[in-house]
Protein chains: 2
Amino acid sequence: MDFEPLGLATDLVILTVRDGRLQVLLIRRGIAPYQGRWALPGGFVRPDEDLETTARRELAEETGLSSDRIHLEQVATYGAPDRDPRGRVVSVAYLALVPDLPAPTAGSDAASAHWINTTDVDAGSLAFDHQRILADAVERARAKLEYSPLATAFCPPEFTISELRGVYEAVWGTPLDPRNFHRKVTKTTNFVEPVGSTTTRDGGRPAQLFHRGTATTLHPPMTRG
Amino acid sequence: MDFEPLGLATDLVILTVRDGRLQVLLIRRGIAPYQGRWALPGGFVRPDEDLETTARRELAEETGLSSDRIHLEQVATYGAPDRDPRGRVVSVAYLALVPDLPAPTAGSDAASAHWINTTDVDAGSLAFDHQRILADAVERARAKLEYSPLATAFCPPEFTISELRGVYEAVWGTPLDPRNFHRKVTKTTNFVEPVGSTTTRDGGRPAQLFHRGTATTLHPPMTRG
DNA sequence: ATAATAGTGTCTATAAGACAATATGTA
DNA sequence: TACATATTGTCTTATAGACACTATTAT
């Protein structure tokens, strides 16, 4: 079969929660097109490479995170004929959720990589159609926090209920009642499991440490304020 | 830029509810590979054609439905290197929800097209990775019925609450209490609007006719039995 | 009248959201 | 001690689900 000339790429929306804010990893483009503009990390799919393999490779290159325990999911595919001035390039967007990294952007390409508050990304400031991709991915993350235990993907392996609440507040951009949140999380079956130890790293009374439970969907779901 | 040889296609999961069952439109393949096997309708994206444009074109070819009011949404993209024996073909899957058609498969290619109960599609009976695509699309439809008014996409422009309930029961594969369902639908804001007239086409006491309301998400959501 | 479906009312258990009160650490 | 955060409890309101009951047509 002969095919039309076409490029296939993946773009990554890598989200984390730092300083109580939802942040995204962006790259300052060094070359045209859109030179000097912020863009999502991404690259072309190699021959014989699966789409998710490409995404994981790029995630490792940008963040140094090569673990397959990092949450990565496909969001959507963008293929408007004129979305890339270099030619027809179709991009499969992936969403990655990573914990607050002790060594941020430890990867190779990382000289130009920065964590940016998602609320600070102005309309029209990103290259290509990346503004739209970012918006779709953030909305996906917001929705999944309701009915999946995905918020734990932003946390270290052991976390307190307060820290988990901080994730929800950052992603949803809304304050939550600490007391109702605590009761709800601990009553939702298999959302979190107590580790048995406590920490005072958040100040105040020592808080129990939890790790992620076995649930894949939350019953009942968490509700957005 | 030069690109690796690569094909870009869209595949369609066209769902309807007929005879109280969730059915999918499948094509009997006339040529290799997978000659004689059932497959999802689909085809290659033309140069300068947007992905959704391709999907709508194929939807019209297979069903005769060219209206842009037909619900069509992207599900996911499948790109395993060996998913097509003819070479590297990446497929963007779309989900279409259509009402029970008075003239089924009125399109051109339609000689080999048939509505099949989704529950009758046996493991391994579909070409390529279409079994997986179908499963993903059906799960998407099931999930969206909970928090969106999408069930109305399976109904004619004017429908009764019973008919709407039949959609939920067919897609979810579970019976629902007619009385609680009625109250819930009519109390959910802007889910449905009464037309003002009634029909006896379902037998028994005349039922009010409704059309779809303005809501895009349901508050509160419908709950799966 | 009888059958069939439409639609309303009522009751109970569960969950959401507001917020008081208590617990246990650090400065 | 004062302060900060954790955790439990209580109350009100809303919703889910079960199910009795009434309403309106066709035959």
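About the criteria used
- Residues numbered from 1 in each chain as written.
- Chains lettered and ligands numbered in written order.
- Predicted model: local features only at pLDDT ≥ 70, side-chain atom pairs only at ≥ 80, totals over all residues.
- Heavy atoms only, no water.
- Domains from an automatic or database assignment.
- Buried area = accessible area lost by both parts, 1.4 Å probe.
- Salt bridge = Lys/Arg side-chain N within 4 Å of Asp/Glu carboxyl O.
- Polar contact = N/O pair within 3.5 Å; in protein donor to acceptor, adjacent residues only side chain to side chain.
- Helix = DSSP H or I, 4+ residues; strand = E, 2+ residues; numbered from the N terminus.
- Contact = heavy atoms within 4.5 Å.
- Near = heavy atom within 4 Å.
- Nonpolar A, V, L, I, M, F, W, Y, C, P; charged D, E, K, R; others polar.
- Least-squares fit on C-alpha atoms with pLDDT ≥ 70 in both.
- Axes fitted to C-alpha atoms, helices over the stretch in contact; angles between N-to-C directions.
- Left-handed = near helix turned anticlockwise from the far one by under 90°.
- Buried < 20%, exposed > 50% of the residue type's maximum accessible area, 1.4 Å probe, protein only.

## What to know about the domain arrangement of chain A
Residue and element names in this part refer to chain A. The domains assigned to chain A are domain 1 (7-146) and domain 2 (148-212). One C-alpha centre belongs to domain 1, the other to domain 2, and the line joining them spans 27 Å. In total, domain 1 and domain 2 occlude about 1300 Å² of area from one another, counting both sides; carbon and sulfur atoms represent 72% of this. Broken down residue by residue, the surface that domain 1 buries against domain 2 is led by Val-17, Leu-97 and Leu-145, which jointly contribute 45%. Along the contact surface separating domain 1 from domain 2 lie 0 salt bridges. Applying the counting rule to domain 1 against domain 2 returns 4 residue pairs in polar contact (both at pLDDT 80 or more). Breaking the side of domain 1 that touches domain 2 down by element, the ones donating at least two residues are strand 1 (7-18), strand 2 (21-28), strand 5 (71-78) and helix 2 (130-147).

## Here we look at the interface of chain A and chain B
Counting residues at the interface gives 27 residues for chain A and 27 residues for chain B. Of the roughly 2100 Å² buried where chain A meets chain B, counting both sides, 66% is carbon and sulfur surface. Between the two partners, chain A and chain B, sit 0 salt bridges. Taken together, the connections running from chain A to chain B amount to 7 residue pairs in polar contact (both at pLDDT 80 or more). Of all elements in the fold, only strand 1, strand 5 and strand 6 (89-97) of chain A reach the threshold of two or more residues within the side of chain A that touches chain B.

## Focus: the protein's contact with DNA strand C
In the neighbourhood of DNA strand C, 22 residues make up the surrounding shell, with A:Arg179, A:Asn180, A:Lys184, B:Ser162 and B:Gln208 lying closest. When the atoms of DNA strand C within 4 Å of the protein are sorted by group, sugar and phosphate make up 58%. The side chain of A:Asn180 places a nitrogen or oxygen atom 2.8 Å from a base nitrogen of DNA strand C. One nitrogen or oxygen atom from the side chain of B:Arg183 is found 3.1 Å from a base oxygen belonging to DNA strand C. When residues of the surface near DNA strand C are assigned to their parent elements, the largest contribution, 4 residues, is made by helix 4 (residues 178-187) of chain A. When its residues are assigned to classes, the surface near DNA strand C shows 4 nonpolar, 8 polar and 10 charged.

## Details of the protein's contact with DNA strand D
For DNA strand D, the set of nearby residues contains 22 residues, the closest of which are A:Ser162, B:Arg179, B:Asn180, B:Lys184 and B:Thr223. If you look at DNA strand D and keep only atoms within 4 Å of the protein, 56% of those are sugar or phosphate atoms. A distance of 2.9 Å separates a phosphate oxygen of DNA strand D from a polar backbone atom of A:Gln208. At 3.2 Å from a base nitrogen of DNA strand D is found a side-chain nitrogen or oxygen belonging to B:Arg205. For the surface near DNA strand D, the secondary-structure elements that each account for two or more residues are helix 3 (161-172), helix 4 and strand 9 (207-212) of chain A together with helix 4 (178-187) of chain B. For the surface near DNA strand D, the element with the most residues is helix 4 of chain B, which contributes 4 residues. In terms of residue class, the surface near DNA strand D is built from 4 nonpolar, 8 polar and 10 charged.

## As for the relation of the copies chain A and chain B
When chain A is fitted to chain B, the residual RMSD is 0.0 Å, and the transformation amounts to a turn of 180 degrees plus an axial shift of 0.0 Å. The symmetry that links the two subunits is that of a two-fold axis. With an isologous cut-off of 70% or more, the 100% of interface residues of chain A that recur at the interface of chain B puts this contact in the isologous class.

## Examining the packing of helix 2 of chain A against helix 3 of chain A
Residue and element names in this part refer to chain A. At a closest axis distance of 10 Å, the pairing of helix 2 and helix 3 adopts a crossing angle of 140 degrees. Classified by chirality, the crossing of helix 3 by helix 2 is left-handed. Taken together, the residues of helix 3 that come into contact with helix 2 (itself represented by Ala-141, Arg-142, Leu-145 and Glu-146) are Val-167, Tyr-168, Val-171 and Trp-172.

## Here we look at the pattern of salt bridges
In total, this model carries 28 salt bridges over all chains according to the counting rule given. Two residues, A:Glu61 and A:Arg57, come together in a salt bridge whose shortest N-O distance is 3.4 Å. You can see A:Glu61 and its partner A:Arg57 sitting in helix 1 (residues 51-63), 4 residues apart, about one turn around the helix. Residue A:Glu61 is classed as partly exposed on the basis of its relative accessible area, which comes to 28%. Residue A:Arg57 is classed as buried on the basis of its relative accessible area of 18%. Between B:Arg83 and B:Asp129 there is a salt bridge whose closest N-O contact spans 2.8 Å. Here B:Arg83 is found in the loop between strand 5 (71-78) and strand 6 (89-97), whereas its partner B:Asp129 is found in the loop between strand 7 (113-117) and helix 2 (130-147), with 46 residues between them in sequence.

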